[in-house]
Amino acid sequence: ELSFIHRYEPATDQGHPPLLLLHGTGGDENDLINLGRMVSPGSALLSPRGKILENGMPRFFRRLAEGVFDEEDVRFRANELADFVAEARDAYGLGAPIALGFSNGANIAAAMLMLRPEALAGAALLRAMVPLSDAPKTDLAGKRVLMVSGQMDPIIPVDNSARLAASLASSGADVQHETLPTGHGLSQTDLQLLLKWLA
Ligand code: MLT
């Protein structure tokens, strides 16, 4: 028994890296399967369900309000999820995955990069914000990160996503940060950027 409820789809093309799919608030392990298939055909897909329930909506860590995080829980949950990734890699014989996270899922992926960089080969962060106010210094050399933000995102101020991009880059990650003329929801352009970045 692995430690998270999850879906797993084996690779059909070993040339593509495994993806760790991380849903947004109110989503579950099924949400991003089609997106994963679309942007990286043939990749193994590992898709856990967040363990926190907020009014019945699954999430990956607790928050005090929208955009205000319980940082102690962020740390605990990022470590717990990194442990799950290690278990799943053993169980399914996978290499280090690239995280593909949306919103709350992107935020926990960013926290994992900061706290447990060995867990991920890289990350695509859709509508991510700074998950920890005092992140430890880590070495992200060799890790590719795509961030796609929305200029009119009502939850994430543009300077907040810019700070996250700068912090990941200053730890050595190879960061591509795109800001689209859109809100918190995903657009066609997100898909195109993902396809190109993952190719
Ligand atoms: C979060 O809680 O991670 C952010 O507010 C994004 C969200 O899930 O709405």
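Description of the structure in this document. As a convention, each chain's residues are numbered from 1 in the sequence order in which they are written. At least 70 in pLDDT is required for a residue's local features to be given in this predicted model, at least 80 for side-chain atom pairs to be given and counted, and no such filter applies to totals for whole chains, interfaces and linings, which use all residues. With hydrogens and water set aside, each side-chain value is computed from the structure's full complement of heavy atoms.

Tallying secondary structure elements over the chain gives five helices and eleven strands in all. By the compact-globule yardstick of 16 Å for 199 residues, the chain fits well, its C-alpha radius of gyration being 15 Å. Reported as C-alpha extents along the three principal axes, the dimensions of the chain are approximately 40 × 35 × 35 Å. Within the chain, the proportion of its 199 residues that are buried is 52%. Accessible surface area values rest on a Shrake-Rupley calculation with a 1.4 Å probe, where residue burial reflects the displayed protein chains alone. Carbon together with sulfur atoms contributes 51% to the accessible area of the chain, which is approximately 8,700 Å² in total. When the 17 positive and 24 negative side-chain charges of the chain are each reduced to one mean point, those points stand 2 Å apart. By definition, any uninterrupted DSSP run of H or I lasting at least four residues is a helix, any uninterrupted run of E lasting at least two residues is a strand, and each is numbered from the N terminus. Throughout, radius of gyration means the C-alpha value; the globule benchmark is 2.2 Å times the number of residues raised to the power 0.38. Throughout, exposure labels follow a simple rule: accessible area from a 1.4 Å probe, protein chains only, divided by the maximum for the residue type, with under 20% read as buried, over 50% as exposed, and the rest as partly exposed. His is not counted, nor are the chain ends, whereas Lys and Arg count as positive and Asp and Glu as negative. Where a charge sits is defined by one atom per residue type, namely NZ (Lys), CZ (Arg), CG (Asp) or CD (Glu).

Our focus in this paragraph is helix α5 (residues 188-198). Among the residues of α5, those classed as buried are Asp 190, Leu 191, Leu 193, Leu 194, Trp 197 and Leu 198. For α5, the angular spread of buried residues about the axis comes to 165°, placing them on one side. Counted as exposed and oriented over 90 degrees from the buried face of α5: Gln 188 and Lys 196. Looking at the buried residues of α5, the elements they touch are β2 (19-22), α1 (33-39), β8 (98-102), β9 (122-126), β10 (144-150) and β11 (174-180). Taken from the helix axis, the directions to the C-beta atoms give the arc we talk about. Contacts were defined at the residue level, with two residues in contact if any of their heavy atoms lie within 4.5 Å.

Another aspect to go through is the site of the ligand. Whether a residue is near a molecule or strand depends on its heavy atoms: if one lies within 4 Å, it is near. Taken together, Thr 25, Arg 59, Phe 61, Arg 63, Gly 67, Phe 69, Ser 103, Asn 104, Asn 107 and Ile 155 make up all the residues around the ligand. Side-chain atoms alone can form a polar contact between residues adjacent in sequence; in general such a contact is a pair of N or O atoms within 3.5 Å, and within protein one must be able to donate a hydrogen while the other accepts it. The contact in question runs from an oxygen atom of the ligand to an N or O atom on the side chain of Thr 25, over 2.5 Å. A breakdown of the residues in the shell around the ligand according to their chemical character gives three nonpolar, five polar and two charged. For this classification, the nonpolar set comprises Ala, Val, Leu, Ile, Met, Phe, Trp, Tyr, Cys and Pro, the charged set comprises Asp, Glu, Lys and Arg, and every other residue, Gly included, is treated as polar.

Right, let's get into the pairing of β2. Of the two faces of β2, both are covered, the one formed by Leu 19 and Leu 21 as well as the one formed by Leu 20 and Leu 22. Where β2 lies against strand β3 (residues 45-48), two bridges are found, and the strand directions are parallel. The partner of Leu 20 across the bridge, within β3, is Leu 46. With its strands directed away from the observer, a crossover is right-handed exactly when the path from the first strand over the helix to the second travels clockwise. At this point the chain moves from β2, through α1, to the parallel β3, and the crossover so formed is right-handed. Pairing between strands is defined by DSSP: at least two bridges between them are needed.

To continue, consider the sheet that holds strand β1 (residues 6-9). Strand order across the open sheet formed by seven strands is β1-β3-β2-β8-β9-β10-β11, with mixed pairing between neighbours. Taken across any chain shown, the strands that pair with only one partner, and hence form the sheet edges, are β1 and β11. The sheet shows a mean angle of 15° between the axes of neighbouring strands, taken without regard to direction. Relative to β10, β9 runs parallel, the two being bridged by five bridges. Residue Ala 123 lies in a different strand from β10, and its bridge partner there is Val 145. An axis is simply a line fitted to the C-alpha atoms; with a helix, the fit covers only the stretch in contact. Between two such axes, the angle follows the N-to-C directions and lies from 0 to 180 degrees. Here helix α2 (residues 71-92) sits on the sheet in contact with β1, β2 and β3, set at roughly 140° to β3. Relative to β10, α5 is tilted by about 170°, and along the sheet it contacts β2, β8, β9, β10 and β11.

In this section: the pattern of salt bridges. What counts as a salt bridge is simple: a side-chain nitrogen of Lys or Arg found within 4 Å of a carboxyl oxygen of Asp or Glu. Tallied over the full model, the rule gives twelve salt bridges. Between Glu 9 and Arg 7 there is a salt bridge, with its nearest N and O atoms 3.2 Å apart. Here Arg 7 falls in the partly exposed class, since its relative accessible area comes to 29%. A salt bridge links Asp 190 to Arg 127; its shortest N-O distance comes to 2.9 Å. Taken together, the residues Asp 190 in helix α5 and Arg 127 in the loop between β9 and β10 connect sequence positions 63 residues apart. Across the pair, exposure class does not vary: Asp 190 and Arg 127 are buried alike. Through salt bridges with shared partners, a single network forms among Lys 51, Asp 73, Arg 77 and Glu 80.

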